[in-house]
Amino acid sequence: MTVEMVESTLDPAVAVLNEVVPAGEPWMGTVRKGEVFRILDLEGNQAVDTLFYNAADSEERYSASNTIRAQANLYLTSGTRLMSNRGNVMLDIVADTCGRHDTLGGACSAESNTVRYAIEKRHMHSCRDNFLAALARADFGITKRDLPSNINFFMNVPVTPAGQLTFADGISAPGRYVEMRAAMDVVVLISNCPQLNNPCNAYNPTPIRLMVWNSARGQSP
Ligand SMILES: [Zn+2]
């Protein structure tokens, strides 16, 4: 697998947000147009299920199919423009030291845990439940039916030549990160995946760090 690593020039000391999301927890917040948002995989091989909504109009949201079509590639990395259901650029991935992120595998849920693993996994904590818990707290006006297909940052879901999806061992490592610049004000909805049954996160959910830089102040000298 050949991937291009693009490192960031931003200085963590001047980030306006610097927050750790514990293993298995949801997070929701706003990133303003022009700001740069970083997700850092603190311990490696964590899957970060992520959705974006236009902060001014929640009917506009991330679209996996428009993103794949816009770049004519299945994997997300630096240079990828994250597109909305209305064909607008929501964020541009500007740095990436992991090299590949998935937008095909979707989020784990009580239902998928049952189908993929075992009926007794039904009550295990899932990303879909995390998304719904964060939405219920936020009162952003979106519900279960407003959850489109998400991005899985740091998750490795290679597609075989025959077109099959394979959930493979993670390719991320401690300290790897992905960074994106917002092209509009966006609400970010994250489930720091609590999954205990999938090799993508080595069966071990771990914390992540989130950082935001203002456009003007982020550059180190
Ligand atoms: Zn999950």
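One can find the structure itself at the top, above this paragraph.
Residues numbered from 1 in each chain as written. Predicted model: local features only at pLDDT ≥ 70, side-chain atom pairs only at ≥ 80, totals over all residues. Heavy atoms only, no water.

Trainee: It is not clear to me how the pattern of salt bridges should be interpreted in this structure. Could you clarify?
Mentor: Opposite charge on two side chains makes pairing possible when the charged atoms of those side chains draw close. Tallied over the full model, the rule gives five salt bridges. A salt bridge links aspartate 185 to arginine 32; the nearest nitrogen and oxygen atoms lie 3.1 Å apart. With aspartate 185 in the loop between strand S9 (176-182) and strand S10 (186-192) and arginine 32 in the loop between strand S2 (26-31) and strand S3 (36-41), the pair connects residues that are 153 residues apart, well separated along the chain. Since its relative accessible area comes to 43%, arginine 32 is described here as partly exposed. For the salt bridge of arginine 61 with aspartate 146, the shortest nitrogen-to-oxygen distance reads 3.3 Å. Note that arginine 61 is positioned in strand S5 (residues 57-61) and aspartate 146 in the loop between helix H3 (127-138) and strand S8 (151-153), a separation of 85 residues in sequence. Overall, the relative accessible area of 8% leaves aspartate 146 in the buried class. Overlapping salt bridges bring together Asp57, Glu60 and Arg86 as one network. (Salt bridge = Lys/Arg side-chain N within 4 Å of Asp/Glu carboxyl O. Helix = DSSP H or I, 4+ residues; strand = E, 2+ residues; numbered from the N terminus. Buried < 20%, exposed > 50% of the residue type's maximum accessible area, 1.4 Å probe, protein only.)

Trainee: What exactly am I supposed to notice about the coordination of the zinc ion here?
Mentor: Around a metal, the ideal angle is 109.5 degrees if four donors adopt a tetrahedral arrangement and 90 or 180 degrees if six donors adopt an octahedral arrangement. Of the protein atoms, only Cys108 (SG), Cys127 (SG) and Cys193 (SG) coordinate the zinc ion, at distances of 2.2 to 2.3 Å. Every donor residue of the zinc ion comes from the same chain, spaced as C-x18-C-x65-C. Of this pair, cysteine 108 sits in the loop between strand S7 (89-96) and helix H2 (110-116) while cysteine 193 sits in the loop between S10 and strand S11 (208-213); the two residues are 85 residues apart in sequence, bridging distant segments of the chain. Here cysteine 108 falls in the buried class, since its relative accessible area comes to 6%. Overall, cysteine 193 belongs to the buried group, its relative accessible area being 6%. (Donors = N, O, S within 2.8 Å, 3.2 Å for Na, K, Ca; no water.)

Trainee: Is there a simple way to think about the sheet that holds strand S1 (residues 17-21) in this case?
Mentor: Sheet strands associate in pairs through backbone hydrogen bonding, adopting either a parallel or an antiparallel arrangement. Here six strands make up an open sheet; going across it, the order is S1-S11-S3-S9-S7-S6 and the pairing antiparallel. Each end of this open sheet is capped by a strand with a single partner; those strands are S1 and strand S6 (81-83). Each adjacent strand pair in this sheet contributes to an overall mean axis angle of 25°, direction not counted. (Pairing = 2+ DSSP bridges. Axes fitted to C-alpha atoms, helices over the stretch in contact; angles between N-to-C directions.)

Trainee: I tried to follow H3 on my own but got confused; where do I start?
Mentor: Every α-helical turn comprises 3.6 residues, leaving residues that sit three or four positions apart pointing alike. For H3, which comprises twelve residues, the first-to-last C-alpha distance of 16 Å matches the rise-based estimate of 16 Å (1.5 Å per residue) to within 8%. For H3, the complete set of buried residues consists of Cys127, Asn130, Phe131, Ala134 and Leu135. Take H3 and look down its axis: the buried residues cluster within an arc of 130°, on one side only. H3 presents Ala136 and Arg137 as exposed residues on the side facing more than 90 degrees away from its buried surface. Along its buried surface, H3 packs onto S2, strand S4 (48-54) and S10. One or two steps after H3, the chain reaches aspartate 139, where phi turns positive at roughly 55°. (Expected span 1.5 Å × (residues − 1). Arc of directions from axis to C-beta. Contact = heavy atoms within 4.5 Å.)

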